[in-house]
Amino acid sequence: MFDRVNRETVIENTVEFVKETLQGAEGGHDWFHTLRVWNTAQRIARTENVDPFVISLGALLHDIADAKFHGGDESVGPSLASGFLRLEGVDEGVVEHVVQIITHISFKGGNEVQSFRSPELDVVQDADRLDAVGAIGIARTFNYGGHMGRKLYDPDIKANLNMSKEAYRSSTAPTINHFYEKLLLLKKRMNTKAGRALAEGRHQFMEEFLDRFYREWEGES
Ligand code: ADP
Ligand code: NI
């Protein structure tokens, strides 16, 4: 396929742009999160019929300006990403696809209808979700809770599975609740076969972690 740009150069420039933009980001949404998602997305992409260029750009740019760190504004990420890609001379069709990926990747409480889907979004979303589960997922969740000043756990505050996008975003619940409100729900929401297989072991590890957490909370074991 004819391309106006050299894909490798665009990807190298995107890496630099993302590293620079995410300097000082919260530990769970920093360059290393992006790097893990990119690696996992490429791994899953090998088993799917998808455009690797869109996969790389979508993964690299998916958290360039997460709305929860921009006063809830969901337009900052897509406009930063599209502005950057247009300056790089990337085809408009690719730019628009990447913008759709960034716009629709997020969980947002899980009760929103996702109005866009593509095989490339399916792959990048699985990779992002895989980084939210397992040992890394646990570490990121407690880091985010600490960043937001949340309690670790409070037995009197129950998980809420019926939150709107707004309630989910503004929740001040203890971090343990986030396991029930999002992390443990992800296994059933994986889009790809490879993603589902990877989610299995990570899910199991979180179940074991929670089991042990409650036993230690009670002073047992
Ligand atoms: P969202 O869940 O809003 O789509 P992300 O996908 O960016 O947001 O969330 C990434 C990770 O950030 C979560 O998997 C979790 O580790 C952490 N995180 C997000 N919201 C919370 C929360 N309310 N409590 C604890 N951790 C959270
Ligand atoms: Ni992410």
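Up top is the structure.
Visitor: Would you mind going over the pattern of salt bridges with me for this structure?
Guide: Charged atoms that come close allow side chains of opposite charge to pair. Under the definition given, this model contains 11 salt bridges. Among the ionic pairs, D66 bridges to K68, the shortest N-O distance being 2.7 Å. For D66, a relative accessible area of 11% gives the class buried. For E92, the salt bridge goes to R86, with nearest N and O atoms at 2.6 Å. Classification of E92 as partly exposed rests on a relative accessible area of 35%. Residue R86 is classed as partly exposed on the basis of its relative accessible area of 44%. Residues joined by salt bridges that share partners form a network here, namely R36, D131 and R140.

Visitor: How should I be thinking about the coordination of the nickel ion (ligand 2) in this particular structure?
Guide: Any two of four tetrahedral donors ideally make an angle of 109.5 degrees at the metal, while pairs among six octahedral donors ideally make 90 or 180 degrees. Distances from the nickel ion (ligand 2) to its protein donors, H33 (NE2), H62 (NE2), D63 (OD) and D128 (OD), fall at 2.1 to 2.2 Å. Around the nickel ion (ligand 2), the 4 donor atoms are arranged such that angles at the metal cover 86 to 176°; this shape is classified as irregular. Between consecutive donor residues of the nickel ion (ligand 2), the sequence gaps follow H-x28-H-D-x64-D. Of this pair, D63 sits in the loop between helix 3 (52–61) and helix 4 (76–87) while D128 sits in helix 6 (residues 119–130), and the two are 65 residues apart along the sequence.

Visitor: Would you take a moment to explain helix 1 (residues 7–21) for this structure?
Guide: Helical geometry: 3.6 residues make up each α-helical turn, so side chains three or four residues apart lie on a common side. For helix 1, which comprises 15 residues, the first-to-last C-alpha distance of 21 Å matches the rise-based estimate of 21 Å (1.5 Å per residue) to within 8%. Those residues of helix 1 lying buried are V10, I11, T14, V15, F17 and V18. In this structure, the buried residues of helix 1 make contact with helix 2 (31–45), helix 3 and helix 4. Sitting at the head of helix 1, N6 places a side-chain oxygen 2.9 Å from the backbone nitrogen of E8.

Visitor: Before we go on, may I ask you to explain the nonpolar core in this structure?
Guide: A general tendency of soluble globular proteins is for nonpolar side chains to be buried together. Counting 57 residues, the largest nonpolar core has V18, L57, L61, L85 and F179 as its most contacted members. When residues in this core are grouped by element, the largest group, 7 residues, is from helix 3. Every residue in contact with L85, bar those within four places of it in the chain, is listed here: L57, L61, V90, V95 and V98.

Visitor: Please clarify how a negative patch on the surface should be interpreted in this entry.
Guide: Side chains of E8, E12, E16 and E20 sit close together on the surface and give a patch of like negative charge. Here E16 lies in helix 1.

Visitor: Would you mind going over the packing of helix 1 against helix 2 with me for this structure?
Guide: Angle between the axes and distance between the axes are the two parameters that describe a pair of packed helices. Axis separation between helix 1 and helix 2 bottoms out at 10 Å; the angle between their running directions is 150°. The two elements helix 1 and helix 2 meet at a crossing, and its hand is right-handed. Between helix 1, through I11, V15, V18 and K19, and helix 2, the contact on the second element is made entirely by W31, T34 and W38. Looking at the contact of helix 1 with helix 2, its residues break down into 5 nonpolar, 1 polar and 1 charged.

Visitor: Got a minute to help me understand the packing of aromatic side chains in this structure?
Guide: Each aromatic ring pair is specified by the distance between its two centres and by the angle formed by the two planes. In the structure shown here, the tally under the stated rule is 12 aromatic pairs. Look at F142 and F179: their rings are 6.0 Å apart centre to centre, the planes differ by 45°, and that puts the pair in the tilted class. With F142 in helix 7 (residues 134–147) and F179 in helix 9 (residues 175–181), the pair connects residues that are 37 residues apart, well separated along the chain. These aromatic residues form a ring-pair network of at least three members: F142, Y153, F179, F209, F213, Y214 and W217.

Visitor: Please clarify how the site of ligand 1 should be interpreted in this entry.
Guide: Every one of the 16 residues lining ligand 1 counts as a neighbour, but K68, S106, T141, Y168 and R169 are closest to it. In this structure, H29 approaches ligand 1 through a side-chain N or O atom, which is 2.8 Å from an oxygen atom. Starting from 540 Å² of accessible surface for ligand 1 in isolation, the protein chains cover 95%. Looking at the shell around ligand 1, the element that brings in the most residues is helix 7, giving 3 residues. For the shell around ligand 1, a count of residues per class yields 5 nonpolar, 4 polar and 7 charged.

Visitor: Would you mind going over the side chain of D122 with me for this structure?
Guide: Take D122: it is sitting in helix 6. D122 has contacts with R117, N191 and T192, leaving out every residue within four places of it along the chain.

What counts and what doesn't
Residues numbered from 1 in each chain as written. Chains lettered and ligands numbered in written order. Predicted model: local features only at pLDDT ≥ 70, side-chain atom pairs only at ≥ 80, totals over all residues. Heavy atoms only, no water. Salt bridge = Lys/Arg side-chain N within 4 Å of Asp/Glu carboxyl O. Buried < 20%, exposed > 50% of the residue type's maximum accessible area, 1.4 Å probe, protein only. Donors = N, O, S within 2.8 Å, 3.2 Å for Na, K, Ca; no water. Tetrahedral: all angles 85-135°; square planar, octahedral: opposite > 155°, others 65-115°. Helix = DSSP H or I, 4+ residues; strand = E, 2+ residues; numbered from the N terminus. Expected span 1.5 Å × (residues − 1). Contact = heavy atoms within 4.5 Å. Polar contact = N/O pair within 3.5 Å; in protein donor to acceptor, adjacent residues only side chain to side chain. Core = buried A, V, L, I, M, F, W, Y, C linked by side-chain atoms within 4.5 Å. Patch = residues over 30% accessible without salt bridge, like charges linked within 9 Å, V, L, I, M, F, W, Y side chains within 5 Å. Areas by Shrake-Rupley, 256 points an atom, 1.4 Å probe, with all protein chains shown as cover. Lys, Arg positive; Asp, Glu negative; His and termini not counted. Charge placed at Lys NZ, Arg CZ, Asp CG, Glu CD. Axes fitted to C-alpha atoms, helices over the stretch in contact; angles between N-to-C directions. Left-handed = near helix turned anticlockwise from the far one by under 90°. Nonpolar A, V, L, I, M, F, W, Y, C, P; charged D, E, K, R; others polar. Phe/Tyr/Trp six-rings, centres within 6.5 Å; stacked < 30°, edge-to-face > 60°. Near = heavy atom within 4 Å.

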